[in-house]
Structure formats: structure tokens, C-alpha cells
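# Structural description and commentary
Here's the letter readout for the chains.
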Amino acid sequence: GYTGWDYNGQLDEFALYTSALSASDVQEHYNNAKNASRTTPYPDLIKQKNPALYLRLDEPSLQIPVAVNSGTLGSAADGQILTGVITARPGAQNPAFSGFEATNRAVYLNGANGFVSMPAQNLNLGEATIAAWIKRDGDQPARAAIMFNRSSTENMATGLGFLDSGNGLSYH
């Protein structure tokens, strides 16, 4: 919850890679999610590129509020699901996204105080790739953040969010 920066909508299958994926890699991820006949399950395809963070965000509604990291940083990078997040919402699912399980779940962030908190990763990267399935719930506030890292010593934040108009995606 950072007033004015809160994303309102669903978030699923969040991955942070410590390198730039190629356009063909990103296209392969999308095609995999749309293909019921794929040979590699979507989570396995994501993990083949060794993301530092990979949160499926499919925790059941009654589970202790932990967003389990399946990336290379392991459980030290597990997130904490906080107030204002509803777990176990239908995520990208079959039949619309036939490469996912019919029971795939996502989290819903309420746009007021819902977010998933992550421990500091201290990743000083020249390049990175952020991948996620998002489904916004209407127009977003200016600079609504889907994912961001705020410095504890400076008044700065870096991340993926929406433009000032609330309609287009931006990286800042």
C-alpha cells in the first residue's frame, strides 16, 4: 500500500529475470499459455530461463499468507501476502488460456492497501525482464504500481506500472 500507487486487479505468474529475455522468448511464453497441446507446462518453461523470482501466486485462500518463490533465489525470496489481497481468485485459466490449468489461481489486489511484500533482493542489474499476467480492474490511478522497489534511503522507486493516464504500461 503506497497511496496513489496501488494497482487494482489480478496478478498471476510473476517472474523477474536477471537478464533480458529475447522477444522470441517472451513470444514463446505467451504461445505456451495459449496452447493446450504444448509439450512443456507453462511453469516449467518459465523456470527453464532461471528467473530469480517466480511467484505463481496460486496459494489457496486458507493458506498462511506466503507467496512461494520457485525462482533461483528460493525461499529466501518468498513474498508475504498482506491485507487487501484476495488469494485463490481464478487466474489465467483454460479454456481462454489453454496452456494453464483449469484451476490456476491468481491474487486480486484491491487498489487501496493490497500488495505482496518481498524481501530486499539487492539486485544491481544492467538489464532485467519482468513478466506477469495482469488483468486490471478498470482504469488505474496515475502511476499505479504493479511491481516496484522503493529505496529505503532515497525517495525513489523503480518498477512496472501504469502511465500518468492510468491506461498504458510504463517502466520507471
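Quick caveat: nothing in here was measured; it's all calculated off a predicted structure.

## Digging into the sheet that holds strand β4 (residues 79-81)
Reading across from one edge, β3-β4-β7 is the order of the three strands in this open sheet, with antiparallel pairing throughout. Only two strands of the sheet have a single neighbouring strand rather than two, namely β3 (66-67) and β7 (116-117). In the sheet, β3 pairs with β4 via two bridges, with the strands oriented antiparallel. Paired with Val-66 across the bridge in β4 is Gln-80.

## So, the nonpolar core
Ranked by size, the top nonpolar core spans 18 residues in total, and within it Leu-11, Phe-14, Leu-57, Ala-67, Val-107, Leu-109 and Ile-146 carry the most contacts. Elements with a contribution of two residues or more to this core: β1 (8-17), β2 (53-55), β6 (105-110) and β10 (157-162). Once residues within four sequence positions are removed from consideration, Ile-146 is found in contact with Tyr-7, Leu-11, Ile-134, Leu-160, Gly-161, Phe-162 and Leu-169. Grouped together as the second largest cluster of nonpolar side chains are 10 residues, Tyr-17, Tyr-54, Ala-92 and Phe-100 included.

## Observations regarding unusual backbone geometry
Note that the residue after Asn-94, namely Pro-95, is joined by a cis bond; omega there is 20°. For Glu-13, which is not glycine, the phi torsion reads 55° and is therefore positive. As for its placement among the helices and strands, Glu-13 is situated in strand β1. Residue Glu-13 is classed as buried on the basis of its relative accessible area, which comes to 1%. Backbone geometry places Leu-57, a non-glycine residue, at a positive phi of 60°. In this fold, Leu-57 is placed in the loop between β2 and β3.

## Quick look at the side chain of Thr-129
Positionally, Thr-129 belongs in strand β8 (residues 129-136). Thr-129 gets classed as buried once you look at its relative accessible area, which sits at 12%. A distance of 2.7 Å separates the side chain of Thr-129 from the backbone nitrogen of Leu-21, its partner in a polar contact. Among residues more than four places away in sequence, those in contact with Thr-129 are Ala-15, Leu-16, Tyr-17, Ser-19, Ala-20 and Leu-21.

## What to know about the pattern of salt bridges
Inspection of every chain in the model, using the stated rule, returns four salt bridges. When the shortest N-O distance is used, the salt bridge between Lys-49 and Asp-25 registers 3.3 Å. You can see Lys-49 sitting in the loop between α2 (42-48) and β2 and its partner Asp-25 sitting in helix α1 (residues 23-33), a full 24 residues away along the chain. Judged by its relative accessible area of 36%, Lys-49 falls in the partly exposed class. On the basis of relative accessibility, which here comes to 12%, the residue Asp-25 falls in the buried class. One salt bridge in this structure joins Arg-56 and Glu-101, with 3.2 Å as the shortest N-O distance. Taken as a pair, Arg-56 in the loop between β2 and β3 and Glu-101 in the loop between β5 (85-90) and β6 lie far apart in primary sequence, 45 residues in all.

Analysis parameters
The numbers attached to residues start from 1 for each chain and follow its sequence in the written order. Owing to the predicted nature of the model, reporting of local features is limited to residues with pLDDT of at least 70; listing and counting of side-chain atom pairs is limited to 80 or more, with chain, interface and lining totals taken over all residues. With hydrogens and water stripped out, all remaining heavy atoms of the structure feed into the side-chain values. Strand pairing is assigned whenever DSSP detects at least two bridges linking the two strands. Secondary structure elements are defined from DSSP: runs of H or I of at least 4 residues count as helices, runs of E of at least 2 residues count as strands, and each element is numbered from the N terminus. We call a set of buried residues a nonpolar core when its members are Ala, Val, Leu, Ile, Met, Phe, Trp, Tyr or Cys and they connect through side-chain atoms within 4.5 Å of each other. Each residue gets one of three labels from its accessible area relative to the maximum for its type: buried under 20%, exposed over 50%, partly exposed in between, using a 1.4 Å probe on protein chains only. Every residue pair with non-hydrogen atoms within 4.5 Å of one another is taken to be in contact. Polar contacts, as used here, are pairs of N or O atoms within 3.5 Å; protein pairs need one atom able to donate a hydrogen and one able to accept it. Residues neighboring in sequence count only if both atoms are side-chain atoms. Here, a salt bridge means any Lys or Arg side-chain nitrogen found within 4 Å of an Asp or Glu carboxyl oxygen.

Geometric values such as these leave the question of function open.
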